[in-house]
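Structure at a glance
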Amino acid sequence: MTKLKILFVASEVAPFAKVGGLADVVGVLPGALNNLDCEARVVMPLYRQIKQKYGDQLYFMRWTMLKLGWRSMYSGLFSLEKDGVTYYFIDNEYYFGHDAIYQDYSFDIERFCFFQRAVLEAMGDPMEFEPDIVHCNDWQAGMIPVLLDAHYRPHGYHKEVKTVLTIHNLKYQGIHGVERIADLCDLSPQYMTAYGVLKDGVPNFLKAGIVYSDAVTTVSPTYAQEILSGYYGEGLDGVLRNYAYKLTGILNGIDLVGYNPETDPSITKNYTVKNYKEGKAACKEALQERLGLDINAGAPLLGMITRLVDQKGIDLLTRVLDEMLYSGMQVIVLGTGDPYYEDSLRRMADHRPDQLSINICYDDELARQIYSGCDMFLMPSLFEPCGLSQMIAMRYGTVPIVRETGGLKDTVTPYNQFTGEGNGFSFSNINAHELLFTAKYACDVYRNHDEAWEGLVEAGMNGDYSWNSSAKKYKELYNHLVNEDSHE
Ligand code: ADP
C-alpha cells in the first residue's frame, strides 16, 4: 500500500508568510492529511522574511537556470521539515527578496509565472518527490494545470499527476495581456482561446485553473453553490457553471491549538466550557477597562474583527450603529483597510467613547481579548467564502451574529426559540435593519433568557472546528481522482 502523495502550491503558508486565510489553510491542512496517512508536502516562494527567520534551517537542494520569456533566471530550491511536513521553497532574489509578500500587480503576474514554472521544473527528481496530486491554491497557482498540459505531459513527464484547484477568493483572478502571458508561460496560440486561458479576451489565471484542473474546490459548500450565480460569481459564474460537475465545497477548519481559551496566554483568564462564566466575565471587564468602555457586566458587548472592506458589510454596521448604541449595546471594532471605512468609524467613536471602541490596527493579542471578552461577534458579510472569525468566536464562547451567506451559513445555525437549538443568530438580506433587529433580538435573549443563552454559548464552545472531517473529504477527493484502488 503506497501513500497518496500531494504537493500543495501556494503563495502564502503560515507560519512562514501570511496575509490572509489562505495561509492558515495551507499551514494546517497538509499536516492534517499526513495524520490520515497521506504524504502531503508544500511548495512556496522563498520570501525575504523566510530567509531571515529560517535561513539557518533551510536545506539547499539545487539550483538551475529557468527560461522565462527571453530571460534566463536563477531558480534555487530549498527545503525544510517542520512538524512532520516537508516544505519546499523557490528562491530568486529579484522576485521574492522583498519585505511584502505581494507587490505591484503587474510585477506579481510575472513573479507568479516564474514561481509556477519553477515549481514544475523542480517537481519530480529535484524535489525527490513525484506527487499523485498537485493541489493549486488561488490564481497564483492557477496556471499549473495548463503548464503541465503544454510543457510536460506531451513529453512524457508527470503524465499521471492530477490537479486540484482551490479557490479561496474568487475576487482575485490574475489577469494580464495575451502577449506577455504567452511569453512568460511560453504558451502557443492553441491555449490562448476563449475555451482555454482567455476570459473576455485576456488571460485569466483563475479561469485557466478552473478549465484545466481535474477538480475545483472552494472553502464552503454554500459558497460553492453561490458562485454559480451572477451576484457572487465575479464574472466567472458562466465558466463555473460549465464546470460545475467538478466543483465542490469543503469547509475550512481552524487551528484548535492556537485558538484555545483554555491555554491562550493572551487572554485575561483562561476558561473551558465548564467554567466559562467566570472566565468570560473577567475577560469582559478587562477588555472594557483596556478600551475605555463603561465597565458594566450586564451591557451586551459586541465585537467585530475584520479587514475593513465592503465584503465585510461595514456599510450595514455604520448605518445602524447609532441605533445599536442607543439600545444599550457596547461595540468594539478591530480592523484595517479601506480609509473611507477607517475614517467613518473613527468619527463615530468620537461621540460615544464609553460605548464604542474603534481600533484601526492589526493586533493579534487584542483580537484574542475581543474573542474572549465579548458576548457576541458581528459578521454581516455581503459574501464570505468560509470565514474563520465566526468559528474562533464560537470556540471562545462568543455568540455570532451573521448574514446567511457562504461559510457563515454553513457554520452558524440560528437560534430556535421553540427547541432552544442553535449556536448563533443570522439574517438573510443585505439590509442594515435586518442586522439591527437581529442584534436586538440576540440582546433580548442575552438579557432575559439565561438558560437559552447558556445553550447558545455551550453549543458554540462544543462545536467541531477541527480539520479532521475536512481533511478526510480532501483525501476522498484525491482518491477519487487517482482512481484509487492502490491507495487504501
Ligand atoms: P478573511 O480571510 O476574509 O480576512 P477570515 O474570517 O477568514 O476573513 O479570517 C480573518 C482572520 O484575520 C481572523 O483570524 C481574524 O481574527 C484575523 N484578523 C483580521 N483583522 C485583524 C486585525 N485587525 N487584528 C488582528 N487579527 C485580525
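Since this is a predicted model, take the numbers as computed values, not measurements. (Residues numbered from 1 in each chain as written. Predicted model: local features only at pLDDT ≥ 70, side-chain atom pairs only at ≥ 80, totals over all residues. Heavy atoms only, no water.)

1. With respect to the environment of Asn204
Heads up, the condition is: In DSSP terms, a helix is any run of H or I states spanning at least four residues, a strand is any run of E spanning at least two, and both are numbered starting from the N terminus. What makes two residues a contact is simply this: any of their non-hydrogen atoms within 4.5 Å. Residues adjacent in sequence count toward polar contacts only when both atoms are side-chain atoms; beyond that, a polar contact is any pair of N or O atoms within 3.5 Å, and within protein one must be able to donate a hydrogen and the other to accept it.
Relative to the helices and strands, Asn204 resides in the loop between strand E9 (202-203) and helix H7 (205-212). Every residue in contact with Asn204, bar those within four places of it in the chain, is listed here: Gln173, Gly174, Ile175, Val197, Lys199 and Leu236. For Asn204, the side chain forms a polar contact with the side chain of Gln173, separated by 2.9 Å.

2. Looking at H7
This is how the line gets drawn: Exposure categories follow from relative accessible area, calculated using a 1.4 Å probe and restricted to protein chains: below 20% of the type maximum is buried, above 50% is exposed, and the middle band is partly exposed.
For H7, the buried fraction is high: eight of the eight residues fall into the buried class. Of all the positions in H7, only Phe205, Leu206, Lys207, Ala208, Gly209, Ile210, Val211 and Tyr212 are classed as buried. The N-cap residue of H7 is Asn204: its side-chain oxygen and the backbone nitrogen of Leu206 are 3.2 Å apart.

3. Points about the nonpolar core
Here is the rule we go by: To form a nonpolar core, buried Ala, Val, Leu, Ile, Met, Phe, Trp, Tyr and Cys residues must be joined to one another through side-chain atoms within 4.5 Å.
Formed by 104 residues in total, the largest nonpolar core has its most connected members in Leu33, Phe89, Met143 and Leu187. Broken down by element, this core gets its largest block of residues, 10 residues, from helix H4 (residues 105-122). If we skip the residues at most four places from it in the chain, Leu33 touches Ile6, Phe8, Cys38, Ala40, Ala471, Tyr474, Lys475 and Tyr478. With 71 residues, the next largest nonpolar core counts Leu291, Leu345, Met376 and Ile392 among its residues.

4. Considerations on helix H16 (residues 432-448)
This is how it is decided: Multiplying 1.5 Å by the residue count of a helix minus one yields the expected span of that helix.
Taking 1.5 Å per residue, 17 residues should reach 24 Å; H16 reaches 24 Å between its end C-alpha atoms and fits that length. By the burial criterion, the buried members of H16 are Ala432, Leu435, Leu436, Thr438, Ala439, Ala442, Cys443, Val445 and Tyr446. For H16, the capping residue at the N-terminal end is Asn431, with a side-chain oxygen 2.8 Å from the backbone nitrogen of His433.

5. Some words on the domain arrangement of the chain
Note the threshold: Domain start and stop positions are those given by an automatic or database domain assignment. Joining two parts hides part of their accessible area as seen by a 1.4 Å probe, and the buried area is that hidden amount summed over both. Each reported salt bridge corresponds to a side-chain nitrogen of Lys or Arg within 4 Å of a carboxyl oxygen of Asp or Glu.
Split by domain assignment, the chain resolves into domain 1 (5-253 + 468-487) and domain 2 (276-461). Relative placement of domain 1 and domain 2: their C-alpha centres are 35 Å apart. Contacts between domain 1 and domain 2 engage 16 residues on the former and 15 residues on the latter. Surface buried jointly by domain 1 and domain 2 totals about 1,200 Å² across both partners, of which 57% is contributed by carbon and sulfur atoms. Connecting domain 1 to domain 2 are zero salt bridges. Summed over the shared surface of domain 1 and domain 2, the result is seven residue pairs in polar contact (both at pLDDT 80 or more).

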